[in-house]
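As a plain string of letters, each chain reads:
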Amino acid sequence: MKALAQLKMGMAICCLLAAAGCAQKKDLESVEKVPDFAVSGIAVLPVRPVADMDENLSPADEKILQDGSGVMTGLLKEVLTGKAGVRFVSLGQAKVMEGTGHTLETARRIAAQQNSNAVLETTLSRYVERVGSEYGVKQPAAVTFAYKLYEVKEGRVLCHGRFDEQQQSLMENLLNLPKTQSRGLVWLTAEELARDGLKEKFAQCPYLEGK
């Protein structure tokens, strides 16, 4: 009986792993094909904190989101530095766009200043730090961000994506086994989770993947 129970458990795990593989394949197949467009340069804006429409943030929460945006702006530079054609826009230049409501015309001006024909915008709506250590947590890290890469002549979106994750233990979700293994079976900080998310999403965009 014990051997039969172990066999059933093994079969269940195999089915879950197979399902995880199918889910990953489906995600890759569902990535949109980008239009045929030659990017001469990408102006990368600093990450902008945004609250959900129905969310009332306290001053403390606003500061956390603001600080998280600063961390993620640094991660953008880390992930994209060395890629041909990428130019990073300073916070001062980005404030010009904030003052005009993020219009396409303003994006064109910023792109022209950076000798670029595309702009990368990233917004951060959740940044929750891990409470605990890499081996045990009271609260896991959570990060939600979205990005959009678009050309500034007509405003066509070339790539876009959204990352929304609160890290879970392997026992909570066996379907996350491949991702959990790649992360080293530890609890990540919010910065580490954000870095992982940027690499994951940018790998799905032909204009941002690789170096």
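Let us look at the structure shown here.

Criteria and thresholds
Residues numbered from 1 in each chain as written. Predicted model: local features only at pLDDT ≥ 70, side-chain atom pairs only at ≥ 80, totals over all residues. Heavy atoms only, no water. Helix = DSSP H or I, 4+ residues; strand = E, 2+ residues; numbered from the N terminus. Buried < 20%, exposed > 50% of the residue type's maximum accessible area, 1.4 Å probe, protein only. Contact = heavy atoms within 4.5 Å. Areas by Shrake-Rupley, 256 points an atom, 1.4 Å probe, with all protein chains shown as cover. Pairing = 2+ DSSP bridges. Salt bridge = Lys/Arg side-chain N within 4 Å of Asp/Glu carboxyl O. Arc of directions from axis to C-beta. Patch = residues over 30% accessible without salt bridge, like charges linked within 9 Å, V, L, I, M, F, W, Y side chains within 5 Å. Lys, Arg positive; Asp, Glu negative; His and termini not counted. Charge placed at Lys NZ, Arg CZ, Asp CG, Glu CD.

## With respect to the overall build of the protein
At step 1: What the protein contains, in helices and strands, is 6 helices and 8 strands.
At step 2: N-terminal to C-terminal, the α/β element order of the protein is α-β-β-α-β-α-α-β-β-β-β-β-α-α.
At step 3: The proportion of buried residues among the 211 residues of the protein is 35%.
At step 4: Sequence separation of at least 24 residues holds for 70% of the intrachain contacts in the protein that already meet a minimum separation of 6.
At step 5: As displayed, the protein offers around 12,400 Å² of accessible surface, 56% of which is attributable to carbon and sulfur atoms.

## Things to note about the side chain of Thr122
At step 1: One can find Thr122 in strand β4 (residues 118-128).
At step 2: For Thr122, a relative accessible area of 2% translates into the label buried.
At step 3: Beyond its immediate chain neighbours, meaning those up to four positions away, Thr122 contacts Pro46, Val47, Arg48, Leu76, Phe145, Ala146 and Tyr147.

## Here's the deal with the pairing of strand β7 (residues 142-151)
Successive residues of a regular strand alternate their side chains across the two faces of the sheet.
At step 1: Burial of β7 is extensive: 8 of the 10 residues sit out of reach of the surface.
At step 2: The pairing of β4 with β7 spans 10 bridges and is antiparallel. The residue bridging Ala118 from the neighbouring strand is Glu151, located in β7.
At step 3: In the sheet, β7 pairs with strand β8 (residues 157-166) via 9 bridges, with the strands oriented antiparallel. Across the sheet, the residue bridging to Thr144 is Asp164, located in β8.
At step 4: A loop of 5 residues connects β7 with β8, the two strands running antiparallel in sequence, and Gly155 in this loop sits at a positive phi of about 85°.

## Brief notes about the pattern of salt bridges
At step 1: Summed over the entire model, instances satisfying the criterion amount to 8 salt bridges.
At step 2: The partner of Asp67 in a salt bridge is Lys63, and the shortest N-O contact between them spans 2.8 Å. Remark: Lys63 and Asp67 occur in helix α2 (residues 59-80); sequence separation between them is 4 residues, near one turn of the helix.
At step 3: Judged by relative accessible area, Lys63 falls into the exposed class, the value being 51%.

## Digging into helix α4 (residues 104-113)
At step 1: Along α4, the residues that are buried comprise Thr106, Ala107, Ile110 and Ala111. All buried residues of α4 fall inside an arc of 140° around its axis, so they share one side.
At step 2: Two residues or fewer past α4, Asn115 is found with a positive phi of approximately 55°.

## Comments concerning a negative patch on the surface
At step 1: There is a patch of like negative charges on the surface, built from Asp52, Glu55, Asp61 and Glu62.
At step 2: In this fold, Glu55 is placed in the loop between β2 (48-49) and α2.
At step 3: Take Glu55: its relative accessible area is 36%, and that puts it in the partly exposed class.

On their own, these measurements won't tell you what the molecule is for.
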